[in-house]
Amino acid sequence: MKRTIILILLLFSIQTFSQTLSFLPKGIGLEVGFGYNNLKHHVNSVAPLYNTRNYYRDAFKLTPSIRLSFKKEVFRNIAVVPFFGYSIFGGKSSEIKNGYEDEFNFRALEIGLFSSYSINNFSIAGGVKYNRILKVIGYYKGSYIDPENFNKSWNQQDMSFLFKKWSVDLGGRITYNLKNIILSTEVWFSVTDLSSSELSTFVNVSSKRFLLLIGYRL
């Protein structure tokens, strides 16, 4: 988290060193930001319960993203933007009556492509990205069966075995350009089931991520 804050501060001072960066190709950009996450577990109607239900982890918590991209105009006002980055997505549960809550963090490398259309200082884009999931960490505050007055603490566990090593997202983006500074908001929806192949018969997992990013583009 400290590294992300340092990068945000760096973006505001980088224009002073633009001459130093002149060796880099025009169109290259660096963005950092934070996202709000939703994670949905859909339990399928299978034996022995035959009871379909959904579990949501959508409590408010921000997680970081950092991205390197390159914008190339292919027609007037139309550009493609391939990108590569690192992101943490997932979801956090609400606290239940006895104080229990949990969270899943998917730590992933991402590679993707936007196709954008520019109007004055704004651009609108649609995109697709592939996530290579490095690790899934579960955080747990107590347990479901703890009494209400039980003293709880956070514990963490590697839960990667419950999920796939990859996923695919579709998304959209709106960007405001202020000279070389870019301010963007994005939304991403998973189009693949995140649960492992062993569990996909019983439960399907999907995610949403809403992002705010600030960056600098040469």
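Residues numbered from 1 in each chain as written. Predicted model: local features only at pLDDT ≥ 70, side-chain atom pairs only at ≥ 80, totals over all residues. Heavy atoms only, no water.

Chemist: Could you clarify how one ought to interpret unusual backbone geometry in this entry?
Modeler: What you tend to see is this: most non-glycine residues have negative phi, and most peptide bonds are trans. At Asn77, a position not held by glycine, the phi torsion is positive, near 70°. If you trace the backbone, Asn77 turns up in the loop between strand 4 (72-75) and strand 5 (78-92). For Asn120, which is not glycine, the phi torsion reads 55° and is therefore positive. The exposure class of Asn120 is exposed, given its relative accessible area of 76%. (Helix = DSSP H or I, 4+ residues; strand = E, 2+ residues; numbered from the N terminus. Buried < 20%, exposed > 50% of the residue type's maximum accessible area, 1.4 Å probe, protein only.)

Chemist: Got a minute to help me understand a nonpolar patch on the surface in this structure?
Modeler: Together, Val74, Phe75, Ile78, Tyr117, Ile119, Phe122, Ile124 and Ile174 give the surface a local cluster of nonpolar side chains, amounting to about 760 Å² of exposed area. Elements with a contribution of two residues or more to the nonpolar patch: strand 4, strand 6 (101-119) and strand 7 (122-141). As for its position among the elements, Tyr117 is in strand 6. (Patch = residues over 30% accessible without salt bridge, like charges linked within 9 Å, V, L, I, M, F, W, Y side chains within 5 Å. Areas by Shrake-Rupley, 256 points an atom, 1.4 Å probe, with all protein chains shown as cover. Salt bridge = Lys/Arg side-chain N within 4 Å of Asp/Glu carboxyl O.)

Chemist: Where do I start with the packing of aromatic side chains in this structure?
Modeler: Here the distance between the centres and the angle between the planes together describe a pair of aromatic rings. Applying the stated criterion to the full structure yields 10 aromatic pairs. Between Phe89 and Phe106, the aromatic rings sit 4.9 Å apart at their centres with planes inclined by 15°, giving stacked as the arrangement. Of this pair, Phe89 sits in strand 5 while Phe106 sits in strand 6, and the two are 17 residues apart along the sequence. Phe106 carries the same exposure label as Phe89, and that label is buried. (Phe/Tyr/Trp six-rings, centres within 6.5 Å; stacked < 30°, edge-to-face > 60°.)

Chemist: Just checking my understanding: could you explain the pattern of salt bridges for this structure?
Modeler: Should the charged atoms of two oppositely charged side chains come close, the side chains can pair. Taken as a whole and judged by the stated rule, the model has 10 salt bridges. Across the salt bridge formed by Arg57 and Asp102, the nearest N and O atoms sit 2.7 Å from each other. Of this pair, Arg57 sits in strand 2 (residues 53-57) while Asp102 sits in strand 6; the two residues are 45 residues apart in sequence, bridging distant segments of the chain. With relative accessibility at 13%, the residue Arg57 sits in the buried group. Note on Asp102: relative accessible area 2%, which makes it buried. Residue Lys129 is joined to Asp169 by a salt bridge in which the shortest nitrogen-to-oxygen separation is 3.2 Å. Of this pair, Lys129 sits in strand 7 while Asp169 sits in strand 9 (residues 166-178); the two residues are 40 residues apart in sequence, bridging distant segments of the chain. Given a relative accessible area of 6%, Lys129 falls into the buried group.

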